[in-house]
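Here's the letter readout for the chains.
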Amino acid sequence: MTVRTRVAPSPTGDPHVGTAYIALFNLCFARAHGGQFLLRIEDTDQTRSTPESEQAILDSLRWLGLTWDEGPDIGGDNGPYRQSERMDLYREHADQLVAAGNAFRCYRTAAELDALREARRAGGHSTALKPSDLRLADEEVAAREDRGDPYVIRLLVPEEEGVCVVRDMLRGDIELDWGMIDAQILLKSDGMPTYHLANVVDDHLMGITHVLRGEEWINSAPKHKLLYEYFKWDMPQLCHLPLLRNPDKSKLSKRKNPTSILYYERMGFLPEALINYLGRMGWSMPDEREKFTLSEMIDDFDIQRVSLGGPIFDREKLSWLNGMWLREDFDDEALADRLVDWAFNRDNLMRVLPHARQRMETLSDLAPLAGFLVSGILPLSEASFDSVKGDREAIIKVLQFALWRLEARREWTRDLIWDDMKGLADALDIKIKDLLAPLFIAIAGSSASFSVVDSMAMLGPDMSRARIRHAVEVLGGVSKKAAKRLDKEYMALGAL
Ligand code: GLU
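Residues numbered from 1 in each chain as written. Predicted model: local features only at pLDDT ≥ 70, side-chain atom pairs only at ≥ 80, totals over all residues. Heavy atoms only, no water.

Quick reminder of the rule: UniProt positions are given in the numbering used here, feature names are shortened, and annotations may be inferred rather than shown by experiment.
Looking up the protein in an unreviewed UniProt entry gives the name Glutamate--tRNA ligase, with the organism given as Candidatus Marimicrobium litorale. Annotation of the protein in UniProt includes, under Catalytic activity (unreviewed entry), the sentence "tRNA(Glu) + L-glutamate + ATP = L-glutamyl-tRNA(Glu) + AMP + diphosphate". UniProt's Function (unreviewed entry) comment on the protein is quoted here verbatim: "Catalyzes the attachment of glutamate to tRNA(Glu) in a two-step reaction: glutamate is first activated by ATP to form Glu-AMP and then transferred to the acceptor end of tRNA(Glu)."

1. Some details on the nonpolar core
Rules: For the purposes of this section, nonpolar cores are sets of buried Ala, Val, Leu, Ile, Met, Phe, Trp, Tyr and Cys residues that join through side-chain atoms within 4.5 Å. Partly exposed describes any residue whose relative accessible area lies between the buried limit of under 20% and the exposed limit of over 50%, with all areas from a 1.4 Å probe on protein chains only and scaled to the type maximum. Segments assigned H or I by DSSP are reported as helices when at least four residues long, segments assigned E as strands when at least two residues long, and all are numbered from the N terminus.
Phe 25, Leu 241, Ile 303 and Phe 313 are the most contacted members of the largest nonpolar core, which totals 56 residues. A total of eleven residues in this core trace back to one element, the largest contributor, which is helix H1 (residues 17-32). One finds Leu 436, Ala 444, Val 452 and Met 458 within the second-largest nonpolar core, a separate group that totals 46 residues.

2. Let's talk about the sheet that holds strand E4 (residues 152-155)
What links the strands of a sheet is backbone hydrogen bonding, and the strands pair in either a parallel or an antiparallel sense. The condition is simple: Pairing between strands is defined by DSSP: at least two bridges between the two strands are required. Here the axes come from fitting lines to C-alpha atoms, over the contacting stretch only for helices, and the angles between their N-to-C directions go from 0 to 180 degrees.
With antiparallel pairing, the three strands of this open sheet are ordered in space as E3-E4-E7. Looking at the sheet topology across the chains shown, the edges are occupied by strand E3 (103-106) and strand E7 (185-187). The average angle at which neighbouring strand axes cross in this sheet is 45°, direction not considered. Pairing analysis gives two bridges linking E4 to E7, with the strands arranged antiparallel.

3. Overview of the pairing of strand E2 (residues 36-39)
Bridge count between strand E1 (residues 4-7) and E2: four bridges; the pairing is parallel. The partner of Arg 6 across the bridge, within E2, is Leu 38.

4. Remarks on the site of the ligand
Heads up, the condition is: Here a residue counts as near a molecule or strand whenever at least one of its heavy atoms sits within 4 Å of it. N or O atoms closer than or at 3.5 Å make up a polar contact, with two conditions inside protein: a donor-capable atom paired with an acceptor-capable one, and, for residues adjacent in sequence, both atoms drawn from side chains. In short, Shrake-Rupley with a 1.4 Å probe defines the accessible areas, and a residue's cover is counted only from the protein chains shown. In this classification, the charged set is Asp, Glu, Lys and Arg, the nonpolar set is Ala, Val, Leu, Ile, Met, Phe, Trp, Tyr, Cys and Pro, and all remaining amino acids, among them Gly, are polar.
Inspection of the region around the ligand gives Arg 6, Ala 8, Ser 10, Glu 42, Tyr 195, Asn 199, Arg 213 and Trp 217 as its neighbouring residues. Within the side chain of Ser 10, an N or O atom sits 3.2 Å from a nitrogen atom of the ligand. Here a nitrogen atom of the ligand sits 2.6 Å away from a polar atom, N or O, in the side chain of Glu 42. When the free accessible area of the ligand is taken as 300 Å², the share hidden by the protein chains comes to 81%. Here the residues of the shell around the ligand are counted per class, giving three nonpolar, two polar and three charged.

5. A few points about the environment of Thr 2
To be explicit about the condition: Contacts are residue-level and defined by heavy atoms, with any inter-residue pair within 4.5 Å sufficient.
Checked against the element boundaries, Thr 2 lands in the segment before E1. Remark: the alpha-carbon pair of Thr 2 and Thr 209, spanning 207 residues in sequence, is separated by 7.9 Å. In this view, Thr 2 contacts Gly 34, Gly 35, Gln 36 and Thr 209; residues no more than four positions away in its chain are not counted.

6. Quick word on the environment of Gln 184
By the element assignment, Gln 184 lies in the loop between strand E6 (172-177) and E7. Taking the C-alpha atoms as reference points, Gln 184 and Val 211, separated by 27 residues in sequence, lie 21 Å from one another. Ignoring any residue separated from it by four or fewer positions in sequence, one finds Gln 184 in contact with Ile 153, Arg 154, Leu 155, Thr 194, His 196 and Lys 223.

7. Some points on the pattern of salt bridges
Quick reminder of the rule: Only one rule defines a salt bridge in this text: a Lys or Arg side-chain nitrogen within 4 Å of an Asp or Glu carboxyl oxygen.
Summed over the entire model, instances satisfying the criterion amount to 40 salt bridges. Lys 223 is the salt-bridge partner of Asp 182, the closest N and O atoms lying 3.0 Å from each other. Linking Asp 182 in the loop between E6 and E7 with Lys 223 in helix H8 (residues 221-231), this pair joins segments that are 41 residues apart in sequence. A salt bridge links Lys 291 to Glu 328; the nearest nitrogen and oxygen atoms lie 2.8 Å apart. With Lys 291 in the loop between helix H10 (271-279) and helix H11 (294-299) and Glu 328 in helix H12 (residues 315-329), this residue pair connects regions lying 37 residues apart in the sequence.

8. A closer look at empty space enclosed by the protein
Counted only if it meets this: As defined here, a cavity is a set of points on a 1 Å grid over the protein atoms alone where a 1.4 Å probe fits but cannot get out. A pocket is an open set with protein on both sides within 12 Å along at least five of seven lines, and residues line them when an atom is within 4 Å of a point. Grid points are joined across faces, edges and corners, and a volume is the space filled by probe spheres set on the points.
Taken as a whole and judged by the stated rule, the model has one cavity of 30 Å³ or more. Roughly 30 Å³ of internal volume is contained in the largest cavity. Forming the boundary of the largest cavity are Arg 6, Asn 199, Val 200, Asp 203, Val 211, Arg 213, His 224, Tyr 228 and Leu 238. Secondary structure elements with two or more residues in the lining of the largest cavity: helix H7 (195-205), strand E8 (210-214) and H8. Tallied by class, residues from the lining of the largest cavity come to four nonpolar, two polar and three charged.

9. As for a negative patch on the surface
Note the threshold: Patches here are clusters of residues that have more than 30% relative accessible area and form no salt bridge, with a 9 Å joining cutoff for like charges and a 5 Å cutoff for nonpolar side chains (Val, Leu, Ile, Met, Phe, Trp, Tyr). In this tally, Lys and Arg are treated as positive and Asp and Glu as negative; His is ignored, and so are the chain termini. Note that the charge is assigned to NZ on lysines, CZ on arginines, CG on aspartates and CD on glutamates.
Together, Asp 331, Asp 332, Glu 333, Asp 337 and Asp 341 make up a region of like negative charge exposed at the surface. Here Asp 331 lies in the loop between H12 and helix H13 (332-342).

10. Some points on the environment of Leu 308
Assignment of secondary structure puts Leu 308 in the loop between H11 and H12. Counting along the chain gives 285 residues from Leu 308 to Ala 23, while the straight-line C-alpha distance between them is 18 Å. Once you skip the residues sitting within four places of it in the chain, Leu 308 turns out to touch Leu 170, Arg 171, His 240 and Pro 242.

11. Focus on the state of the cysteines
Threshold: The disulfide definition used here is simple: a pair of cysteine sulfur atoms within 2.5 Å.
What the rule picks out here adds up to zero disulfides. With no disulfide partner, Cys 28 has as its closest neighbouring cysteine sulfur the one in Cys 239, 13 Å distant.

12. Looking at a nonpolar patch on the surface
Taken together, the side chains of Leu 339, Val 340 and Phe 344 present a nonpolar region at the surface, about 260 Å² in accessible area. Residue placement: Val 340 occurs in helix H13.

13. Some words on the side chain of Asp 168
Looking at the secondary structure, you find Asp 168 in strand E5 (residues 163-168). Nearest to the buried, unbridged Asp 168 among oppositely charged side chains is Arg 171, at 4.0 Å. For Asp 168, the side chain forms a polar contact with the main-chain nitrogen of Arg 171, separated by 2.8 Å. In this structure Asp 168 touches Ile 174, Leu 238, Cys 239 and His 240, once residues within four positions along its chain are discounted.

Next up, the structure:
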C-alpha cells in the first residue's frame, strides 16, 4: 500500500499557522513512508471562501518550504483538487445513499427544527436530532414535494444510545456516544455538500490512506465512519493531532496571538525556523534536539513520537529559535541576500519614495521617515499618544473600532482602507483627522510621517492590525466588560 495523506484547508481568511502545522505532519508522515502528500481546497462554503485566501494559503505553505505531489496549482491524477469543481460527484453520492436507504430527504423548516430541538431538550435528551424526530407522515412529504418545498439530504444515524468506537493512531480506541450524533445534513437545499460528505467522498476518491487532522474533528469521526460503511469503502486510518495553544493553554486564537503565517513572514521570521518550530509542536527528534531542518524531520519522523499534551505556540520561544538559525546558519552573504529578498529591495524603495520624497532634504532623511515600514512591533508607550486629543478611553475606542473595521477588510488597497476609515469617522461623527491621529502613532510610531492610510497599504493587513492591537494593549487594553460595551456601540453604528 502506498501511503497517501492530504491537507485540506478551507480558503477563508488568512493562512493559519495551524494549517501549516497539519500540513507539515502529513507531509512528514507521507515522505517517511515513501508515500505521497496532496493538497485539497475545501471551498464548499461559498460565502466565506475566496480565491485570495486560497492563493495566500498556497503561497505561505510554499514559503515555508512545504511541497505537495498533487494539488489545485499543479494538478494530478485525482483532480480536480478544489471541491467547488467536484459538485456533481457529491450530488451523485448523496443520491446513491438515498437510493440505498442510508440517507433521506428532509423537508423540515427552520421553525420546525427549532421546535423539535426544544422538545428533545424538554424530554431530557441531547438536541441531536434523530431520523425519527425528523420523520414526516408520507402524505405530508408528498404535499411538500408537490409544492416544490426545499429539502436537504440527511444521514441515517442510529436512533439508540450506544457507543461508537473510533480507532485513532495516537489515542487508541476512542468511544463516542451515538446519542450525541445527529442526522447530519449531507447536501444542503442549494445542492451544496457539507464538509462531512465532501471530505469522505474526496478522501476515498483521492486514495487517502491516513488522515492526520486537528483534534477538533474527533466528534465528526462517527459520521465519517458511518459514511464509509454505507459506501462499503475502507476507511483511512485516523490520527487526531493535538491543537496548538496560547501560552495560557487556551486554543491558539488571533485574539491572543497572531495566527497568520503572513504576519510571521512580515515580522522577519525565517521560514526555516518557523517550520522547525512547528515541528516541535508536540513532536521531538529522537535526540530531543531543538534545531532541525525539514528534511531531517522527514528522515527521523515517527508519528508515535507525537505527545498529546497541548503544544504551546510561544512567540518568545520561536524568536529564540529564529535567532539561533539566523546566527548559526546564515553567513553575512546569505543574510544579506535574505534581507534584500525580504524588504531591502528596489521594489520596496519604489513604493516608499513617492510618499517620502516631499519630506526629504537629504538622503539620510529616509531612514527615520520610513524605518517603521521595515520594523516589527513598535516600542510604544502610553506617552506616545500624548499629542492625540481625547482621553485614553476615547483613543482606545477609536483604535478598537478601526481594528474591527480593518479585520473585516479582505481586499487591502489604499482606497478601500481610506473608504473604511472615512465611513467610520462619519458614523462616529468625528473628523477623519481625529480618527487618523491615534492610528498614526499606532502604525508609524509618530505623527511625523506620511499618510497613515498609505502606510497601512504598504505594511499590509497583518502588520497593520498587529500594530493597532499592540497600541490598544499599550494603552491598557480592553477588558471583557469594556469589549462587550464597545461591541454593542460598534454594532449600533450599523453597516459602515
Ligand atoms: N476543511 C477542513 C479544515 O479546514 C479539513 C478537516 C480535515 O482534515 O478533515 O480543517
